[in-house]
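Observations on the model geometry
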Amino acid sequence: MKNGARETLADVILPRIAVPPHPFKPELPAADKVALKERIAAMLRQQNAVLVAHYYTDGDLQDLAEATGGCVADSLEMARFAAAHPAQTLVVAGVRFMGETSKILNNEKRVLMPAPEATCSLDEGCPIDLFTDFCDRHSDHTVVVYANTSAEVKARSHWVVTSGIALSVVKHLAEKGEKILWGPDRHLGRYVQRLTGVEMILWPGSCVVHEEFKAEALTRLHALHPQAAVLVHPESPEEVVALADVVGSTTALIQAVRDLPNREFIVATDAGIFNKMRQLAPDKILLGAPTAGEGATCESCARCPWMEMNTLQQLARVLETGEGEIQVAPELAARARIPIQRMLDFAATLKKE
Ligand code: 13P
Ligand code: SF4
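The structure contained in this document is the topic of the report that follows. (Residues numbered from 1 in each chain as written. Chains lettered and ligands numbered in written order. Predicted model: local features only at pLDDT ≥ 70, side-chain atom pairs only at ≥ 80, totals over all residues. Heavy atoms only, no water.)

The subject of this paragraph is the pairing of strand S5 (residues 142-146). When you tally the buried positions in S5, you get 5 out of 5 residues, the bulk of the element. Taking every second residue as pointing to the same face, both faces of S5 are buried, with Thr142, Val144 and Tyr146 on one and Val143 and Val145 on the other. As paired elements, S5 and strand S6 (residues 159-161) share 3 bridges and run parallel to each other. From the neighbouring strand, Tyr146 faces S6, where its bridge partner is Val161. (Buried < 20%, exposed > 50% of the residue type's maximum accessible area, 1.4 Å probe, protein only. Helix = DSSP H or I, 4+ residues; strand = E, 2+ residues; numbered from the N terminus. Pairing = 2+ DSSP bridges.)

The next thing to look at is the site of ligand 2. The environment of ligand 2 is made up of Tyr56, Val95, Cys120, Ser121, Leu122, Asn148, Cys207, Val209, Glu235, Cys304 and Trp306. If you map ligand 2 onto the pockets, it falls in the largest cavity. Of the residues in the shell around ligand 2, the class split is 8 nonpolar, 2 polar and 1 charged. (Near = heavy atom within 4 Å. 1 Å grid on protein atoms, 1.4 Å probe; cavity = no way out; pocket = protein on both sides within 12 Å on 5 of 7 lines; lining within 4 Å. Sits in = over half its atoms within 2 Å of the grid points. Nonpolar A, V, L, I, M, F, W, Y, C, P; charged D, E, K, R; others polar.)

Turning to helix H2 (residues 30-46), a few remarks are in order. Compared with an ideal rise of 1.5 Å per residue, which puts 17 residues at 24 Å, H2 spans 25 Å between its outermost C-alpha atoms and is within 8% of the ideal. Considered for burial, the residues of H2 that qualify are Lys33, Leu36, Ile40, Ala41, Met43 and Leu44. When H2 is viewed along its axis, its buried side chains cluster within an angular range of 165° and face the same direction. Of the residues in H2, the exposed ones pointing more than 90 degrees away from the buried face are Ala31, Glu38, Arg45 and Gln46. Where H2 is buried, its residues contact strand S1 (49-54), helix H3 (59-67), strand S3 (89-93) and helix H15 (312-321). Positive backbone phi, approximately 50°, marks Asn48, located one or two places after H2. (Expected span 1.5 Å × (residues − 1). Arc of directions from axis to C-beta. Contact = heavy atoms within 4.5 Å.)

Another aspect to go through is the site of ligand 1. Around ligand 1, the neighbouring residues are His54, Tyr56, Asp74, Ser75, Tyr146, Asn148, Ser163, His210, His233, Glu235, Ser249 and Thr250. Between an oxygen atom of ligand 1 and a side-chain N or O atom of Ser163, the distance comes to 2.8 Å. Here an oxygen atom of ligand 1 and a side-chain polar atom of His233 are 3.0 Å apart. Burial of ligand 1 by the protein amounts to 96% of the accessible area it has alone, namely 300 Å². Of the pockets mapped on this structure, ligand 1 occupies the largest cavity. (Polar contact = N/O pair within 3.5 Å; in protein donor to acceptor, adjacent residues only side chain to side chain. Areas by Shrake-Rupley, 256 points an atom, 1.4 Å probe, with all protein chains shown as cover.)

All right, on to empty space enclosed by the protein then. This structure, assessed with the given rule, holds 3 cavities of 30 Å³ or more. Taken as a whole, the largest cavity holds about 260 Å³ of empty space. Together, 28 residues line the largest cavity, and Tyr56, Met98, Asn148, Glu235 and Met307 are the ones closest to its centre. Among the secondary structure elements, those contributing two or more residues to the lining of the largest cavity are helix H4 (75-84) and helix H5 (96-105). Quantified by volume, the second largest cavity comes out at close to 70 Å³. Lining the second largest cavity are Ser75, Met78, Ala79, Phe97, Met98, Thr101, Ser102, Ala147, Thr162 and Met343. Counting residues per element, the ones that place at least two in the lining of the second largest cavity are H4 and H5. Ranked by the residues each element gives to the lining of the second largest cavity, the list is headed by H5, at 4 residues. (Points joined across faces, edges and corners; volume = space filled by probe spheres on them.)

Quick look at the pattern of salt bridges now. Under the counting rule described, the total for this entry stands at 17 salt bridges. Put simply, Lys33 and Asp60 hold a salt bridge, and the shortest N to O gap is 2.8 Å. One end of the pair, Lys33, is in helix H2; the other, Asp60, is in helix H3, and 27 residues separate them in sequence. Accessibility classification places Lys33 together with Asp60 in one group, the buried group. Between Arg186 and Glu211 there is a salt bridge whose closest N-O contact spans 3.1 Å. Here Glu211 lies in the loop between strand S8 (200-202) and helix H11 (215-224) and Arg186 lies in helix H10 (residues 186-196), a separation of 25 residues in the sequence. Connected through salt bridges with shared partners, the residues Glu27, Lys33, Lys37 and Asp60 form a single ionic network. (Salt bridge = Lys/Arg side-chain N within 4 Å of Asp/Glu carboxyl O.)

Phe131 and Trp182 are the most contacted members of the largest nonpolar core, which has 90 residues in total. Ranked by residue count, the leading element in this core is helix H16 (residues 330-352), at 8 residues. Residues contacting Phe131, with those up to four places away along its chain left out, are Cys126, Val143, Val145, Val153, Arg156, Leu181, Gly183 and Trp203. (Core = buried A, V, L, I, M, F, W, Y, C linked by side-chain atoms within 4.5 Å.)

This is the structure:
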């Protein structure tokens with residue numbers, strides 16, 4: 001597809017994305033919070049349920065997931081954990097595609113989400129009708145989609161990937177001489193393309209959170225903290241990625257804070273990740289990378305408005321009422337499971353290496 005035509009597709013999809021305002025979250029008094037967490041832990045036990053949370057969710061939810069035998073992870077590890085865990089109910093704190101992926105991999109289990117309405121700008125910006133049309137026009141390409149997509153889009157793809165495994169999968173496909181159609185995150189796609197040199201056609205989606213990191217302001221901040229390592233999630237714009245010492249998935253960025261000798265870090269990803277970074281490296285200094293928020297209107301301010309919809313109160317409510325259950329039609333789940341399972345099987349071969 002020519003560049004001009006790609007612009008047209010972007011013009012069609014971008015107005016479809018309605019970014020919600022940041023939810024108002026009054027801080028609970030400490031004693032109430034402890035009591036609420038205890039009540040949730042008891043309900044998880046009674047219902048044979050396990051809590052799986054993403055690194056971008058509220059720190060209290062992350063801590064509770066770990067304290068109750070669940071996990072806090074990136075989207076790849078969340079899928080792996082959900083696929084392997086014996087609990088009858090999976091409670092997924094994150095955004096909708098994460099709950100859907102758990103349901104697709106465990107169709108016989110109950111999957112609850114504290115915020116089932118929490119979507120993602122990448123998912124919203126990749127509607128199945130337009131994406132199908134895009135794929136049909138490039139039918140000689142292998143379709144690789146980011147996990148941040150609907151079950152329908154996954155079902156139309158050959159491979160699902162997360163940021164933690166995208167590079168390895170694309171290298172593997174390139175070795176087999178395959179041409180790749182990539183969706184929906186154009187920044188991650190361009191990054192993978194640059195590192196692998198593979199021919200890739202990119203869907204023009206983006207993440208509203210990472211899209212806002214600004215290269216010029218980051219350069220100025222780095223000049224004030226020259227010893228700081230710059231950590232960037234690859235959903236960020238190319239010029240921001242170009243300034244990074246480490247580019248990687250949420251897990252890779254957390255490991256960098258833990259393992260690098262630097263005392264200071266400038267972090268270009270959702271600020272929810274600081275919870276785990278502080279836990280693993282309490283002596284290190286973490287600085288948020290500048291966003292459009294400095295002197296401009298900011299849609300995200302480095303906080304995903306959909307991830308923020310996950311609260312302790314909502315979690316308690318879905319466990320009490322059974323609301324927030326994720327459903328994926330079995331026939332659709334069976335088709336979407338194929339490319340997800342392909343990713344998990346491939347990930348298992350990498351782990352053994
Ligand atoms: P990870 O796969 O790195 O956890 O990222 C998921 C995501 O939504 C990033 O914005
Ligand atoms: Fe989607 Fe971006 Fe939010 Fe991740 S941070 S869930 S990619 S909108």
